[in-house]
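Examining the three-dimensional arrangement
Here is what each chain is made of, one letter per residue.
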Amino acid sequence: MPILPNQNRRHFVTSLMGGSLAAMAAGGVSATEGRADSQTAQGVAPDDPVMHYWNRPLSELVDIGPYTAPAEEMERHRVYANLVLALLHGYFNGNKDGDTGDYPWRSSQRIAGSGTQSLYAGGRYLGHNICCVAVDGDGDIIDFDFNHNSIFNSSVEHAEARLIKRIFSLSDIHQDWDSAVGADDRWNLSSSAEKAPMKGQMDDDYGRSLSNVTIYTSLESCAQCSGIMTLANIKQVVFLQPDPSQYMIGKIMYRLSRPVGQEGGPGAPRPISATEVGIETTARLDHDYKTFQAAVGTGLGKTPFYKPPGSDNDPAQWSGGKSITGFLCSDLAFADFRSGREALDAMTLAHADFRPEGQQMLTNMEVLSQARHFLNYALTEGRRGTPHR
Ligand SMILES: [Zn+2]
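Only a predicted model underlies this, so the values are computations on that prediction, with no experimental measurement involved.

Comments concerning the nonpolar core
Counting residues in hydrophobic clusters, the biggest one holds 75 residues, and the most contacted among them are Leu83, Leu87, Phe144 and Ile215. Take this core: its biggest share by element is 10 residues, from helix α5 (residues 71–90). Aside from chain neighbours lying at most four places away, what touches Leu87 is Cys131, Val133, Phe144, Phe146, Phe374, Leu375 and Ala378.

Right, here's the structure in full:
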């Protein structure tokens, strides 16, 4: 049903609802009274966490307490978190508003002596500089992905959502219909000597098949990605930069998706700030984003994000949005990503021989070695968003 020129959006919505709002108004019932009252939530069981938090302050709902883990495990987290930053550095793109023109926040990315085709490094903008990595219960890296909103002209092609869906697709070829194949947990799918790179950890219960998986993501997850990770029963999600625009949805879902007082187990993944595992870059990213927000703009004394070609004397054409995705194109963010790459390259381990309980668990040294190999493989053999050609 198109919105006709003489209709506004409210008319459109009420007509879709069969005029129910109008009917309520005509019957003397306000829309507010039509909802569940303030004391009970209709259809919600008394022991549901929703009822526990129903009349409590939001601050209590989002308080998930500090993340605690032994120093040995914190060290493992830091390896994967630095890998995410290193991938962002390696696959950085920044021409968010076009391939030509001026990006005053990206002067270090300017290509010296470039012509008119591309003045800044990074080439065609595929999506925002947001990346994530999935790690299985043994510490093996499964795969990585990036935000690809721009290449799909979509606002939902987020890194975490794309990665979870791909892992489910990959896992589908590991159904245990032939026990002989499972001898080393890998499928031999072709005549080449190489076996499929995915480990066969999946079982028939797809709802729990990723419950040992940890996601390391560069930006605090949105409602969509928190939802997809919850449906996938992802164990935990470590994020490198807080996103104040996402209304703490990950924490809210963590609390509401499991019994009151319970930590871990089925439900939304626990959001863990990388600050809590000792990544200093997280505080720097947050600080640099605030610096960007305070200074970006098109007004007097502000620095625009982008100036189209030939618009030097026409500020009306400039863009100065304070969006976090604009910040993620800036020299500030690029330097922060590079520091993660440098940290991964230079990393020394205090707990190199630590191996969590479990036969196939990798030691911290094996984790670091694999992260470095994965980075090299992804950057030399892969493409942005997939380690595979
Ligand atoms: Zn998302």
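On we go from here.
A word on the coordination of the zinc ion
Coordination sphere of the zinc ion, protein contribution only: His158 (ND1), Cys222 (SG) and Cys225 (SG), at 2.1 to 2.3 Å. Read from N- to C-terminus, the donor residues coordinating the zinc ion fall into the pattern H-x63-C-x2-C. On the criterion of sequence distance, the pair formed by His158 in the loop between β2 (141–146) and α6 (159–171) and Cys222 in the loop between β3 (214–217) and α7 (223–231) is long-range, its members being 64 residues apart. An identical accessibility class is assigned to His158 and Cys222; each is buried.

Here's the deal with the side chain of Asp143
Relative to the elements of secondary structure, Asp143 occurs in strand β2. Those residues in contact with Asp143 that sit more than four places away from it in its chain are Cys132, Val133, Ala134, Leu163, Arg166, Leu170, Phe374, Pro387 and His388.

Concerning the pattern of salt bridges
In total, this model carries 15 salt bridges according to the counting rule given. One salt bridge connects Glu60 with Arg56, and the closest N-O pair in it is separated by 3.2 Å. The class of Glu60 is partly exposed, set by a relative accessible area of 32%. Judged by its relative accessible area of 39%, Arg56 is partly exposed. In this structure, Glu263 engages Arg270 in a salt bridge whose closest nitrogen and oxygen atoms are separated by 3.8 Å. Residue Glu263 is classed as partly exposed on the basis of its relative accessible area of 45%.

What about the confidence of the model for the chain?
Per-residue confidence for the chain gives a mean pLDDT of 84, with 78% of residues at or over 70. Within the model, the stretch residues 186–203 combines pLDDT values under 50 with 40 contacts to residues more than four positions away or in other chains.

Considering the packing of aromatic side chains
As enumerated under the stated definition, the model contains 13 aromatic pairs in all. Aromatic side chains Tyr289 and Phe327 sit 5.4 Å apart centroid to centroid with 45° between the ring planes, which places their arrangement in the tilted category. Of this pair, Tyr289 sits in helix α9 (residues 281–295) while Phe327 sits in helix α10 (residues 324–327), and the two are 38 residues apart along the sequence. Residue classification places Tyr289 among the buried positions, given a relative accessible area of 7%. Judged by its relative accessible area of 0%, Phe327 is buried. Taken together, the aromatic side chains of Tyr91, Phe144, Phe146 and Phe374 make up a single cluster linked through ring pairs. A cation sits over an aromatic face here: Arg106 above Tyr103, 4.6 Å from the ring centre. Above the face of the Tyr254 ring, Arg270 is positioned so that its terminal group lies 5.7 Å from the ring centre.

Digging into the environment of His52
Take His52: it is sitting in helix α3 (residues 49–53). Placed 204 residues apart in sequence, His52 and Leu256 show a C-alpha to C-alpha distance of 9.2 Å. Beyond its immediate stretch of four places on either side in the chain, His52 contacts Glu60 and Val260.

Remarks on unusual backbone geometry
Phi is positive for Asn153, which is not a glycine, with a value near 50°. The residue Tyr247 is not glycine, and still its phi comes out positive at about 40°. On the basis of relative accessible area, Tyr247 is assigned to the exposed category, the value being 51%.

Thresholds, definitions, all that
- Along each chain, the written sequence defines residue order, and numbers are assigned to residues from 1.
- With pLDDT at 70 or above as the cut-off, local features in this predicted model cover only qualifying residues; side-chain atom pairs require 80 or more to be listed or tallied, and sums for whole chains, interfaces and linings still use all residues.
- Side-chain measures here rest on the full set of heavy atoms in the structure, leaving out hydrogens and waters.
- In these notes, a set of buried Ala, Val, Leu, Ile, Met, Phe, Trp, Tyr and Cys residues joined through side-chain atoms within 4.5 Å is what counts as a nonpolar core.
- The classification of residues rests on relative accessible area computed with a 1.4 Å probe and restricted to protein chains. Under 20% of the type maximum is buried, over 50% is exposed, and intermediate values are partly exposed.
- The helix count covers DSSP runs of H or I at least four residues long, the strand count covers runs of E at least two residues long, and both are numbered beginning at the N terminus.
- The criterion used for residue contact is that any of the two residues' heavy atoms lie within 4.5 Å.
- Coordinating donors are taken to be N, O and S atoms lying within 2.8 Å of the metal, or within 3.2 Å when the metal is Na, K or Ca; because water is excluded from the atom set, some sites may appear incomplete.
- Any Lys or Arg side-chain nitrogen found within 4 Å of a carboxyl oxygen on Asp or Glu counts as a salt bridge.
- Per residue, pLDDT captures the predictor's confidence, and it can take any value from 0 to 100.
- Only centres within 6.5 Å qualify two rings of Phe, Tyr or Trp (six-membered ring in Trp) as a pair; their planes then separate them into stacked at under 30 degrees, edge-to-face at over 60, and tilted for everything else.
- In this scheme, Lys NZ or Arg CZ marks a charge over a ring once it lies within 6 Å of the ring centre and within 35 degrees of the ring normal.

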